[in-house]
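Observations on the three-dimensional arrangement
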Amino acid sequence: MPATTPLYDTYLRAPLRFERGEGVWLIAEDGTRYLDFAAGVAVNSLGHAHPHLVEALKAQADKVWHLSNLYEIAGQESLARRLTQVTFADRVFFTNSGAEALECAIKTARRYHFAKGHVEKFHVITFEGAFHGRTLATIAAGGQQKYIEGFGPKAPGFYQVPFGDIGAVKNAINEETAAILVEPIQGEGGIRQASKEFMQGLREICDEFGLLLILDEVQSGVGRTGKLFAHEWAGIKPDIMAVAKGIGGGFPLGACLATEAAAAGMVAGTHGSTYGGNPLAMAVGNAVLDVVLAEGFLDKVREVTLVFRQGLASLKDRFPDVVEEIRGDGLMLGIKAKVPSADLLKAIRAEKLLVVPAGENVLRLLPPLITTPAEAREGLARLERAAEAVRGKSGDAAT
Ligand SMILES: Cc1ncc(COP(=O)(O)O)c(C=O)c1O
């Protein structure tokens, strides 16, 4: 029998077809409007069809699309300079995706020790519940069996410990340890937030044992938590950081950022990418920063965050049989459901609201950073109606 689709079956797709987007709205082929609190999965940081991003992409498309990294690329220089001015970093390598940014981060950490003559130091400590991408190295880093199984031997050099357990991190360190890799807020894992103390503890351990601290801010970065990067809330600085998703506002773009010292081993020829840092991506990345770094933008993100916080707290109070816990920070929020999250997701979708499933029976809210308080309230009203519907159903089942 011929397959119903020529596509790989790797995605469990919802039967929804969107034709266009406007700000926080996605419009389906039949004209139905959905409030998009998924934003890709934290990708469309400035919503859909943001005029400044559209203009930047079109203007660059008229000039040149692709240039080999055999030449200097002005957009790369400017975007990298801006990123280094507003972060801990001195050096940047551009990629097309989050997993590639992580690959670069891991390679950078290993080369740092190699360049110092420590070839044995290539192990990276990672955390249970982590997600770092789908390449062979990043599935090993994430450590989740469901992603590793069937793809041959797991890439060596990754050692997992429980998230939040400083003692376990210390115990895991040996002469082969090169780095610690952590998401400040685990996204796929179920919006599990690292405490400030844990992040500070990791920084201290890295300093004490000569390890590099790698942060995966692919999902939590670029304004999502109300600071440019989530680690800023803990008052620490990493040595290396992987960024993607929000930095491209929907255009494929990732980056690996590092201090001068951490990047020291990445000399000519050690790494490369055909498309990484291409002019179209650079134009959009620069346009995203124009908006996110504009005065007052992150203040507005923090303001709308309060609307979500209050609304979700009241959702939990009013529907204790549906909502177990509200998690997360800024606009990276999670509703841990008491009912099966798939049931709640269905009810939410029936209200024409888009959210994203995650681990631990959690649904993620990752609205665009441009969401207004009125749009937040609209989404919260839809969540209430969905919770009401689910409660009604479970009540029916009980009788
Ligand atoms: C924290 C984190 N790291 C890495 C990745 C991988 O990014 P990509 O799918 O762009 O390779 C993701 C994607 O969801 C992510 O959330």
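About the criteria used
Residues numbered from 1 in each chain as written. Predicted model: local features only at pLDDT ≥ 70, side-chain atom pairs only at ≥ 80, totals over all residues. Heavy atoms only, no water. Domains from an automatic or database assignment. Contact = heavy atoms within 4.5 Å. Salt bridge = Lys/Arg side-chain N within 4 Å of Asp/Glu carboxyl O. Polar contact = N/O pair within 3.5 Å; in protein donor to acceptor, adjacent residues only side chain to side chain. Helix = DSSP H or I, 4+ residues; strand = E, 2+ residues; numbered from the N terminus. Nonpolar A, V, L, I, M, F, W, Y, C, P; charged D, E, K, R; others polar. Pairing = 2+ DSSP bridges. Axes fitted to C-alpha atoms, helices over the stretch in contact; angles between N-to-C directions. Near = heavy atom within 4 Å. Areas by Shrake-Rupley, 256 points an atom, 1.4 Å probe, with all protein chains shown as cover. Phe/Tyr/Trp six-rings, centres within 6.5 Å; stacked < 30°, edge-to-face > 60°. Buried < 20%, exposed > 50% of the residue type's maximum accessible area, 1.4 Å probe, protein only.

A word on the domain arrangement of the chain
- Here the chain is partitioned into domain 1 (18–49 + 296–398) and domain 2 (64–292).
- If you look at the interface, domain 1 gives 27 residues, while domain 2 gives 26 residues.
- With a shortest N-O distance of 3.6 Å, Glu-360 and Arg-192 are connected by a salt bridge.
- Seen at the junction of domain 1 and domain 2, the total is ten residue pairs in polar contact (both at pLDDT 80 or more).
- Those elements that place two or more of their residues in the side of domain 1 that touches domain 2 are helix H1 (39–42), helix H10 (297–318), strand S13 (323–329), strand S14 (332–337) and strand S17 (362–365).
- Examining the composition of the side of domain 1 that touches domain 2, we find that four residues originate from one element, H10, more than from any other.
- Grouping the amino acids of the side of domain 1 that touches domain 2 by side-chain chemistry returns 16 nonpolar, six polar and five charged.

Notes on the sheet that holds S14
- What the four strands build is an open sheet, ordered S13-S14-S17-S16; its pairing is antiparallel. Edge positions in the sheet fall to S13 and strand S16 (356–358), since each has one partner strand and no second. Going across the sheet, the axis of each strand differs from the next one's by a mean of 30°, ignoring polarity.
- Direction of pairing for S16 relative to S17: antiparallel, over a ladder of three bridges. Within S17, the residue paired with Ala-358 across the bridge is Val-362.
- Against the sheet, H10 makes contact with S13, S14 and S17, and its axis sits at roughly 165° relative to S13, the strand it touches most.
- Most of the contacts of helix H11 (residues 341–350) go to S17, to which it runs at about 40°, and overall it touches S14, S16 and S17.

Quick notes on the site of the ligand
- Around the ligand, the neighbouring residues are Ser-97, Gly-98, Ala-99, Phe-131, His-132, Gly-133, Glu-183, Asp-216, Val-218, Gln-219 and Lys-245.
- In the environment of the ligand, a nitrogen atom lies 2.7 Å from a nitrogen or oxygen atom belonging to the side chain of Asp-216.
- For the ligand, the protein covers 81% of the area, taking 390 Å² as the surface of the free molecule.
- In terms of residue class, the shell around the ligand is built from three nonpolar, five polar and three charged.

Considerations on the packing of aromatic side chains
- Scanning the entire structure with this criterion turns up six aromatic pairs.
- Ring plane angle 70° and centroid distance 6.1 Å describe the contact between Phe-127 and Phe-163, whose orientation is recorded as edge-to-face. Linking Phe-127 in strand S5 (residues 123–127) with Phe-163 in the loop between strand S6 (158–161) and helix H7 (166–172), this pair joins segments that are 36 residues apart in sequence.
- Using a relative accessible area of 0% as the deciding quantity, one classes Phe-127 as buried.
- A centroid spacing of 5.5 Å and a plane angle of 80° characterise the contact between Phe-127 and Phe-198, whose relative ring orientation is edge-to-face. Of the two residues, Phe-127 sits in strand S5 while Phe-198 sits in helix H8 (residues 196–209), which places them 71 residues apart along the sequence.
- By way of ring pairs, the aromatic residues Phe-127, Phe-163 and Phe-198 are connected into one cluster.

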